[in-house]
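# Working through the structure, step by step
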Amino acid sequence: MHHFNYRENELYCEDVPIRTIAEDVGTPFYLYSHATLKRHFLIFNEAFDGVDRLVCYSAKANTNQAVLKLFESLGSGLDIVSGGELYRGLKAGFSSDRIVYSGVGKRMDEIDYALEAGILMFNVESLEELHLINERAGLLDLKAPVAIRVNPDVDPKTHPYISTGLEKNKFGIDRETAIEGYKVASRLDHIDVVGIDCHIGSQITEAKPFIEALESIKRLIEELRGMGIEIKYLDMGGGLGITYDDESPPHPREYARAIVESLKGTHLKLILEPGRVIVGNAGILVTQVLFRKSGRVKEFVVADAGMNDLMRPTLYKAFHAIEPVVRGEGDPITADVVGPICESGDFLAQDRKIRNVKKGDLLAVMSAGAYGFTMSSNYCSRPRVAEVMVKDDSYHVVRNRESYQDLVVSESIPPFLGD
Ligand code: LLP
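Residues numbered from 1 in each chain as written. Predicted model: local features only at pLDDT ≥ 70, side-chain atom pairs only at ≥ 80, totals over all residues. Heavy atoms only, no water.

Moving on: a nonpolar patch on the surface. On the surface, Leu139, Leu140 and Leu142 cluster together into a nonpolar patch covering about 250 Å² of accessible area. Checked against the element boundaries, Leu140 lands in the loop between α6 (127-139) and β9 (144-149). (Patch = residues over 30% accessible without salt bridge, like charges linked within 9 Å, V, L, I, M, F, W, Y side chains within 5 Å. Areas by Shrake-Rupley, 256 points an atom, 1.4 Å probe, with all protein chains shown as cover. Salt bridge = Lys/Arg side-chain N within 4 Å of Asp/Glu carboxyl O. Helix = DSSP H or I, 4+ residues; strand = E, 2+ residues; numbered from the N terminus.)

Estimates place the volume of the largest pocket at around 620 Å³. Forming the boundary of the largest pocket are 31 residues, of which Lys60, Thr164, Phe171, His199 and Tyr371 lie nearest the centre. Contributions of two or more residues to the lining of the largest pocket are made by α10 (276-279) and α11 (312-316). Of the domains in this structure, domain 1 (4-31 + 280-408) and domain 2 (34-278) are the two that each give at least three residues to the lining of the largest pocket. (1 Å grid on protein atoms, 1.4 Å probe; cavity = no way out; pocket = protein on both sides within 12 Å on 5 of 7 lines; lining within 4 Å. Points joined across faces, edges and corners; volume = space filled by probe spheres on them. Domains from an automatic or database assignment.)

Okay, the site of the ligand next. Around the ligand, the surrounding shell holds 19 residues, and the nearest of these are Ser202, Glu273, Arg312, Tyr316 and Tyr371. One of the side-chain nitrogen or oxygen atoms of Tyr316 is found 2.7 Å away from a nitrogen atom of the ligand. A total of 590 Å² of accessible area belongs to the ligand in isolation, and the protein chains cover 92% of it. Mapping the ligand onto the cavity grids shows that it belongs to the largest pocket. The residue makeup of the shell around the ligand, split by class, is five nonpolar, eight polar and six charged. (Near = heavy atom within 4 Å. Polar contact = N/O pair within 3.5 Å; in protein donor to acceptor, adjacent residues only side chain to side chain. Sits in = over half its atoms within 2 Å of the grid points. Nonpolar A, V, L, I, M, F, W, Y, C, P; charged D, E, K, R; others polar.)

Of note, Glu129 is situated in helix α6. Judged by its relative accessible area of 6%, Glu129 is buried. Among the polar contacts listed, one links the side chain of Glu129 to the side chain of Lys106, at a separation of 2.6 Å. Apart from residues lying up to four places away in sequence, Glu129 is in contact with Gly103, Val104, Lys106, Asn123 and Val124. (Buried < 20%, exposed > 50% of the residue type's maximum accessible area, 1.4 Å probe, protein only. Contact = heavy atoms within 4.5 Å.)

Further remarks concern the sheet that holds strand β5 (residues 53-58). One closed barrel holds the eight strands; their spatial order is β5-β6-β7-β8-β9-β10-β11-β12, and the pairing between them is parallel. Sheet twist, expressed as the average angle between the axes of neighbouring strands with direction ignored, equals 30°. Sheet topology note: the β9/strand β10 (residues 191-197) ladder contains six bridges and is parallel. Looking across to β10, one finds that Ala147 is bridged to Gly195. Across the sheet, helix α4 (residues 83-91) touches β6 (77-80) and β7 (99-101), and the angle it forms with β6 is around 160°. (Pairing = 2+ DSSP bridges. Axes fitted to C-alpha atoms, helices over the stretch in contact; angles between N-to-C directions.)

Summed over all chains, the structure comprises zero disulfides. Cys198 carries a free sulfur, and the closest cysteine sulfur to it, the one in Cys56, is 14 Å from it. A residue is classified by how much of its surface remains accessible, and Cys198, at 2% relative accessible area, is buried. Looking at Cys342, it has no disulfide partner, and the nearest cysteine sulfur is the one in Cys380, 3.7 Å off. (Disulfide = S-S within 2.5 Å.)

A few words now on helix α8 (residues 208-226). In an α-helix, one full turn covers 3.6 residues, which means residues spaced three or four apart are oriented alike. The end-to-end C-alpha distance of α8 is 27 Å, a good match for the 27 Å that 19 residues give at a rise of 1.5 Å each. Among all positions in α8, only Pro209, Phe210, Ala213, Leu214, Ser216, Ile217, Leu220, Ile221 and Leu224 are buried. Down the axis of α8, the buried side of the element spans an arc of 165°, and every buried residue falls inside it. Residues of α8 that are exposed and point more than 90 degrees away from the buried face comprise Lys208 and Gly226. (Expected span 1.5 Å × (residues − 1). Arc of directions from axis to C-beta.)

Now for the domain arrangement of the protein chain. When its domains are assigned, the protein chain resolves into domain 1 (4-31 + 280-408) and domain 2 (34-278). If you average the C-alpha positions of domain 1 and of domain 2, the two centres end up 32 Å apart. At the junction of the two partners, domain 1 supplies 22 residues and domain 2 supplies 23 residues. Summed over both partners, the interface of domain 1 with domain 2 comes to about 2000 Å²; 57% of that surface belongs to carbon and sulfur atoms. Looking at the side of domain 1 facing domain 2, the largest losses of area belong to Tyr316, Tyr371 and Met389, adding up to 28% of the total buried there. Between domain 1 and domain 2 we count zero salt bridges in total. Counting across the domain 1 and domain 2 interface gives 11 residue pairs in polar contact (both at pLDDT 80 or more). (Buried area = accessible area lost by both parts, 1.4 Å probe.)

Attention now moves to the nonpolar core. Nonpolar side chains tend toward joint burial in soluble globular proteins. Counting residues in hydrophobic clusters, the biggest one holds 97 residues, and the most contacted among them are Phe71, Phe122 and Ile196. With seven residues, the top contributor of residues to this core is α8. Counting the residues that make up this core, at least three belong to each of domain 1 (4-31 + 280-408) and domain 2 (34-278). In contact with Ile196, not counting residues within four places along its chain, are Ala147, Ile148, Val150, Tyr182, Ile217, Leu220, Ile221, Leu224, Ile231, Tyr233, Leu234 and Asp235. Listed in part, the 20 residues of the second largest apolar core include Leu11, Ile21, Ala22 and Met366. (Core = buried A, V, L, I, M, F, W, Y, C linked by side-chain atoms within 4.5 Å.)

Take a look at the structure:
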């Protein structure tokens, strides 16, 4: 359930006709529904009621300050993967002791920043990283709270680029090495072993892989206990999928029930890092049709948003439904919806049956709230688009469209090139 619905023939976000926002801010822009964001977070969080847990929204899916602020106000923690995300999280008001930090390549300055901020836990992804954290914590005269990210070698049955829990993936540490890692960690002066972590992939549409991973982690926790190493936090990562087209992922309540069932009798504090399931269907990308064009073998709809604005279709062959903001006349067409960029991979949809659209029409690219803006770039010197949040019958630009000046503001010409 989300708040993007037609009234008569016109698409609304909550109580605002999307056309009026486009007239005001221009296109393209990302549009988020406050009510949907809030609802999705609360449903997910409340699904774990009765369980000691901390839901740490995964910032990478959508890091807009307004989005972060909303989740913070609803009691969320934050899952980060960089110093930049830590900065954004603190700026949005997250308390540092509700922040967990994952990622295979944490730099020394990022580790220092997180140590000084006093985050809840580092999810450590290699033994070298463990030693570096210990060393940096020593210099700051601190003890760093860590979990080891274990790679449970479970097949999440998702796109290979977003599967992370297989042995061949770069993420986490295999079971045997993880046990070694825990032994080492428990002896290091500036490390406090507090948790265990896994994240097996993203856009997972069944509960089974999560449970397989959880069972494997539970066995590991028992083994560690036998060695005198007590685990307090169990971080299950994120990964729950959403409906883009005809997928039917488990409802968060079903997902929660399966996890809670499997955790019965343990006294662990559960940490979850959902991203997509919270924000994915709470946002859309609005773009305008620049031209229609009939090739010899294909029909093209040329839009003003391209792969730099929404990378998912070309990178993962991801499906995003495309709907007209105002439904017009005419039979449906089958077309490639493409962007203005000089690459054949620049498409939002291929061979897609859509409603008939003409030059000037507005299109809504659905389910674009997760990994949409955050993966956008300035390729082809295209200013990054605006982001707008609707609440009830009003809206607010939560990020201005970049200007041409913004494109060059951080660049400089060296003296040896002259004036
Ligand atoms: N925790 C960790 C350690 C992660 O690496 C991720 C996502 C999450 C949590 C959140 O996963 P989610 O609940 O959103 O599935 N750009 C890709 C998705 C990459 C996911 C990377 N890690 C896409 O557009 O599909």
